[in-house]
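Each chain, letter by letter, is given below.
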Amino acid sequence: MLSERRLQVLRAIVQDYVGTEEPVGSKALTERHNLGVSPATVRNDMAALEEEGYIAQPHTSAGRIPTDKGYRLFVDRLAEIKPLTAPERRAIQNFLEGAVDLDDVVARTVRLLAQLTRQVAVVQYPSLTRSTVRHVELLSLAPARVMLVLITDTGRVEQRMIDCPAPFGETSLADLRARLNSRVAGRRFTDVPQLVEDLPESFDAEDRGTVSAVLSTLLETLVEKNEERLVIGGTANLTRFAHDFPLTIRPVLEALEEQVVLLKLLGETKDPGMTVRIGHENAHEGLNSTSIVSVGYGSGGEAVAKLGVVGPTRMDYPGTMGAVRAVARYVGQILAES
């Protein structure tokens, strides 16, 4: 266990290194921070921190920089999430409220996160498997052709065309629409198959083929893996931090192109809390020099997807965590109201 004073020294080193981009020396620490001890004592504390692996000396400098282990301790014990200012919160709300549909919400969220944090923003589309049905619309396009429109509680809209085995009249279609919605509206996707399995039997024999075709298309739509979709923005921000990546930013850029990698890094959606993965905690080698801050978002208190940012380990963790949390909260509100 580190003493309280050594924790304060570590906090000061992280804050100074993040703010100045320069390795930190004991003299600068005592001048900038009210640590209440002499430079010699701070030097001893820094030697102890270095011995325990919390800070390291880059080969060219007399100063020290935090290691992944040092940042981890800072995030877990020393960092307080920095709340956004009232004007920042208003700006977020106004920007997101202008969205016209789910795609626009996701696109605006990515832009907003990248601008607020000046990092790479990653937003996962709301997962269908954790959604509920808001409404199913059935539209007649021709005597034997129907369009199915599925609308979810997160504002997601899925459209499918169905070729019916026989002509299906407007009256029958309205009847099917009403009966279908009475069973599935407001219900979770995972419950729908059971709720509709006996529906065809309640129709006349000549209509059962079409009812079955509509239901099988609906069920196929419910199980599709569209939650694998991610949107990324602000990749150009990485070039501002080129010196933070040991050799080149290329491995980072290549890793960002792999959606499967990013989905794993964002973490399980069912764990909605704030996650901070630092440096070598990221299993993907290309991201060993980055940190990822992510959190779940959703309507009604349940996470339906994740959003977050990727940046260098030399990151303003309190500010980034505050921005990610605030944006997630506002996106959840927009989805709940949409």
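Since the structure is predicted, the reported quantities are computational estimates derived from the model, not experimental observations. Every residue gets a number counted from 1 within its own chain, in the order that chain's sequence is written. Residue-level local features of this predicted model are given only where pLDDT is at least 70; pairs of side-chain atoms are given and counted only at 80 or more, and the full residue set underlies all totals for whole chains, interfaces and linings. Side-chain measures here rest on the full set of heavy atoms in the structure, leaving out hydrogens and waters.

Before we go on, may I ask you to explain the packing of helix H5 (residues 86-97) against helix H12 (residues 317-337) in this structure?
Contact geometry for H5 and H12: axes closest at 10 Å, N-to-C directions at 40°. In terms of crossing hand, the pair formed by H5 and H12 is right-handed. Residue-level contacts link Arg89, Ile92, Gln93, Leu96 and Glu97 of H5 to Val327, Tyr330, Val331, Gln333 and Ile334 of H12. Fitting a line to C-alpha atoms yields each axis, with helices limited to the stretch in contact; the angle taken between N-to-C directions then spans 0 to 180 degrees. Here a helix means four or more residues in a row that DSSP labels H or I, a strand means two or more in a row labelled E, and each is numbered from the N terminus. For any helix crossing, the convention is left-handed if the near helix is rotated counterclockwise from the far helix by under a right angle, and right-handed if that rotation is clockwise. Residue contacts are counted whenever heavy atoms from the two residues lie within 4.5 Å of one another.

What is the right way to read the sheet that holds strand E5 (residues 145-152) from this model?
Two orientations exist for strands paired in a sheet by backbone hydrogen bonds: parallel and antiparallel. Any two strands with at least two DSSP bridges between them are considered paired. The three strands lie next to each other as E4-E5-E6, forming an open sheet whose pairing is antiparallel. Two strands close off the open sheet at either side, each with one partner strand: strand E4 (133-142) and strand E6 (157-163). Direction aside, the axes of adjacent strands within the sheet are offset by 20° on average. Judged from the eight bridges that link them, E4 and E5 form a sheet pairing that is antiparallel. Bridge pairing in E5 links alanine 142 to arginine 145.

Any chance you could explain the nonpolar core here in plain terms?
Soluble globular proteins tend to bury their nonpolar side chains together. Leu29, Tyr297, Leu307 and Tyr317 are the most contacted members of the largest nonpolar core, which has 59 residues in total. When residues of this core are assigned to their parent elements, the largest contribution, eleven residues, is made by H12. With residues up to four places along the chain from it excluded, the contact list for leucine 29 reads Val9, Ala12, Ile13, Asp16, Val24, Leu35, Val42 and Met46. To form a nonpolar core, buried Ala, Val, Leu, Ile, Met, Phe, Trp, Tyr and Cys residues must be joined to one another through side-chain atoms within 4.5 Å. Residue exposure (1.4 Å probe, protein chains only): buried if accessible area is under 20% of the type maximum, exposed if over 50%, otherwise partly exposed. By size, the runner-up hydrophobic cluster in this structure holds 25 residues, among which are Leu150, Val184, Val192 and Leu222.

Is there a simple way to think about the packing of aromatic side chains in this case?
Between two aromatic rings, the relevant description is the distance of the centres plus the angle of the planes. Paired rings are identified among Phe, Tyr and Trp, the last through its six-membered ring, by centres lying within 6.5 Å, and are further divided according to the angle between planes into stacked (under 30 degrees), edge-to-face (over 60) and tilted (the rest). Per the counting criterion, the structure on display carries one aromatic pair. Residues tyrosine 71 and tyrosine 317 carry aromatic rings whose centres are separated by 5.6 Å and whose planes lie at 50° to one another, so their mutual orientation is tilted. With tyrosine 71 in helix H4 (residues 68-78) and tyrosine 317 in helix H12, this pair connects stretches of sequence that are 246 residues apart. By definition, being over a ring means that NZ of Lys or CZ of Arg is both within 6 Å of the ring centre and within 35 degrees of the ring normal. It is arginine 179 that lies over the ring of phenylalanine 203; its NZ or CZ is 3.9 Å from the centre.

Please clarify how the pattern of salt bridges should be interpreted in this entry.
Between side chains of opposite charge, a pair can form as their charged atoms come close. For this analysis, a salt bridge means a side-chain nitrogen from Lys or Arg found within 4 Å of a carboxyl oxygen belonging to Asp or Glu. Counted according to the given criterion, the structure contains 17 salt bridges. Arginine 314 is the salt-bridge partner of aspartate 244, the closest N and O atoms lying 3.0 Å from each other. You can see aspartate 244 sitting in the loop between strand E7 (230-233) and helix H10 (250-256) and its partner arginine 314 sitting in the loop between strand E10 (305-312) and H12, a full 70 residues away along the chain. Exposure remark for aspartate 244: the relative accessible area of 14% places this residue in the buried category. A relative accessible area of 6% means that arginine 314 is categorised as buried. The structure contains a network of salt bridges with shared partners spanning Arg5, Arg6 and Asp45.

Scope: geometric values only; no functional claims are made or implied.
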